[in-house]
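# Survey of secondary and tertiary structure
Here is what each chain is made of, one letter per residue.
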Amino acid sequence: MKVLSGAMHYFRTLPEQWPDRLGKLRAMGVDTVETYVPWNLHEPRPGEFVFTGLADVEGFLERAAEADLKVIVRPGPYICAEWENGGLPSWLPGPLRCHDPRFLEPVDRFFDELIPRIAAHQVTRGGNVIMVQVENEYGSYGTDPAYLKHLADGLVRRGIDVPLFTSDGTTDLNLTGGTLPGVPATANFGSDAAGQFANLARHRPGDDPFCMEFWNGWFDHFGEAHHTRDAADAAEALAEILERGSVNFYMAVGGTNFGFMAGANAGGDHADGAYQPTVTSYDYDAPIAEHGALTPKFWAYREVLGRYTELPPAPQSREEILAETRIELTERLSLLDCLDVLSTGTVRSAATRTFEELGQAYGLAVYRTRVPGPRSEELPLRVKGLHDRAHVLVDGVVAGVLERDGAASLPLKTPEGGSDLTLVVEAMGRVNYGPKTGERKGVLDGVLHERQYLFGWEIDPVPLSDLSGLPWGRATTAAGPSFHRGTLHVDQPLDGFLALPGWTKGHVWVNGFHLGRYWARGPQVTLYVPWPLLREGANEIVVLELDDVPQDAALEIRSAPQLGSMG
């Protein structure tokens, strides 16, 4: 029996919107929805578990059942998914993804909490979960059958009795590293189903052909082109898959990397090269767009799926959008003038410390020390192992911006008595794929003036997890990153698309909810504002601009998404 499935990540769509997206997914013609489970969302700190709001995985399973959809669950512990650190919590020690007890012990603790919740919804217990994955694309990372067996045995021990499976690319490297005897293997690819399934069959001749990730779109990195795939081409590739086996669209429903949860890649042939941060949108050029619109790809897929199943009635898609408007940001606060309310506590340390050493997962950290003087010659100031970006202030004046894989140093001379040095260090997404998964953030290897290490640091962790205490109205004069506030008035909460013309780089919050990152280097132009975040009347918009604020500090609500020029 063919499985007709489509991927939707509950953690990338607000819970109030799950019924709409799931209903449209069912109307496309699939009978199953697939989702990952991001460990770092559910256990943000060791032993602290969250299963509410965006993390309400059981609520998602229930909404899927109401939409007449079965579910495939991929609980990791690693998920990739272009998600921060591949879903692995930043607080994990190394080594990762192997049978070392330092990794297995926290995995087992998490699975003790998670897996019984999944097991309760299996079809064998009257629910709708039909399959559960063991790890994720492990053949792209390691060779540890003892680790995979530990995970598989643990799933069964915790009550999983529906079929288990693995999923990988179909190269020899992937399939000899990622599969497990006795556990069916599935394949991930975007085209050439005949060739891909033939490769799978060479290694696993008894397994049914199943494309667990049909890459019908793609994700975007900052500074690169926006990816799309022609609907007719994708539908033709889908037809080729269904002639031979089962399918799961990746993605079927677009979503959003809210907050700090967009991941990153490392380029190069071996996924260990230049840093490539992922944008906030996870629209993925999916058949159901990030904001729920039905795209031409939706209708093309529905026609192909109709050859294999009885189609539900065609859906009515009426996406109401906020009217175009302008939002003036009339209030400003310097970040450096607010450390008393933003910092989790100043840390005094001889040497610099990473975010992880500071007990911090995301956000910013402010590093301060003093550089001796006089040093009349301009000597290079270097931040070694910068992850990922640093605004450098000397005696309160912005001297420049250093960037991972970009400008690595700037010239610095100091007067008699020396200079105060401040670094505002921004962490972007952790790499989510390949050997750099599990990287650290902040200043990894110290700060040097020429060859001389600078010591004696005061460090303020600024996680930006709660802005409710910002002291609006306080006198503020410090240079560097700054907060700006304005009000969006709406008659009725509807979806909108927020543009930041003239702004450079930073973050946006709507009524205290962190939408995500923006960056003028694109390709993404607008940020999706889901209607559940808004209320009738006044809505607070806060922007943290890290670089340059335009003279005309205003935002715009636009009538359509702008995800960038096509690749």
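Residues numbered from 1 in each chain as written. Predicted model: local features only at pLDDT ≥ 70, side-chain atom pairs only at ≥ 80, totals over all residues. Heavy atoms only, no water.

### With respect to the overall build of the chain
When helices and strands are tallied, the chain shows 10 helices and 32 strands. For 567 residues, the compact-globule estimate of 2.2 N^0.38 gives 24 Å, and the chain sits close to it at 24 Å. Considered along the principal axes of its C-alpha atoms, the chain spans approximately 80 × 55 × 40 Å. Long-range contacts, defined here as pairs at least 24 residues apart, represent 81% of the contacts in the chain between residues at least 6 apart. Split by element, the accessible area of the chain, about 21100 Å² in all, is 50% carbon and sulfur. (Helix = DSSP H or I, 4+ residues; strand = E, 2+ residues; numbered from the N terminus. Rg over C-alpha atoms; globule rule 2.2 N^0.38 Å. Contact = heavy atoms within 4.5 Å. Areas by Shrake-Rupley, 256 points an atom, 1.4 Å probe, with all protein chains shown as cover.)

### Some points on the sheet that holds strand S18 (residues 389–394)
Pairing is antiparallel across the open sheet formed by 6 strands, whose spatial order is S14-S25-S15-S21-S18-S19. The sheet terminates laterally at strand S14 (347–349) and strand S19 (397–403), the two strands that pair on one side only. Across this sheet, the average inter-strand angle for adjacent strands is 20°, counted without regard to direction. Two elements, S18 and S19, share 6 bridges in a ladder whose sense is antiparallel. Bridge pairing in S19 places Leu 393 opposite Val 398. (Pairing = 2+ DSSP bridges. Axes fitted to C-alpha atoms, helices over the stretch in contact; angles between N-to-C directions.)

### Re the side chain of Thr 166
Of note, Thr 166 is situated in strand S5 (residues 164–168). In this view, Thr 166 contacts Val 134, Gly 178, Thr 179, Val 183, Pro 184, Ala 185 and Thr 186; residues no more than four positions away in its chain are not counted.

### Looking at the pattern of salt bridges
Using the criterion set out here, one finds 43 salt bridges in the structure. Taking the shortest distance from any N to any O, the salt bridge between Glu 213 and Arg 74 comes out at 2.8 Å. Of this pair, Glu 213 sits in strand S7 (residues 210–215) while Arg 74 sits in strand S3 (residues 70–74); the two residues are 139 residues apart in sequence, bridging distant segments of the chain. With relative accessibility at 0%, the residue Arg 74 sits in the buried group. We note a salt bridge from Glu 439 to Lys 441, for which the minimum N-O separation is 2.9 Å. Overall, the relative accessible area of 8% leaves Glu 439 in the buried class. The network of salt bridges with common partners includes Arg 348, Arg 368, Glu 458 and Asp 460. (Salt bridge = Lys/Arg side-chain N within 4 Å of Asp/Glu carboxyl O. Buried < 20%, exposed > 50% of the residue type's maximum accessible area, 1.4 Å probe, protein only.)

### Remarks on helix H5 (residues 145–157)
Across its 13 residues, H5 extends 18 Å between first and last C-alpha, which sits within 8% of the 18 Å expected from 1.5 Å per residue. For H5, the set of buried residues is Tyr 147, Leu 148, Leu 151, Ala 152, Gly 154 and Leu 155. Here the buried residues of H5 occupy an arc of 160° about the axis, which is enough to place them on one side. Residues of H5 that are exposed and point more than 90 degrees away from the buried face comprise Pro 145 and Arg 157. Those residues of H5 that are buried lie in contact with helix H4 (101–119), strand S4 (129–133), S5 and helix H6 (172–178). Of the residues flanking the end of H5, it is Gly 159, one or two places downstream, whose phi is positive at about 110°. (Expected span 1.5 Å × (residues − 1). Arc of directions from axis to C-beta.)

Without other data, these values stay purely geometric and don't point to any function.
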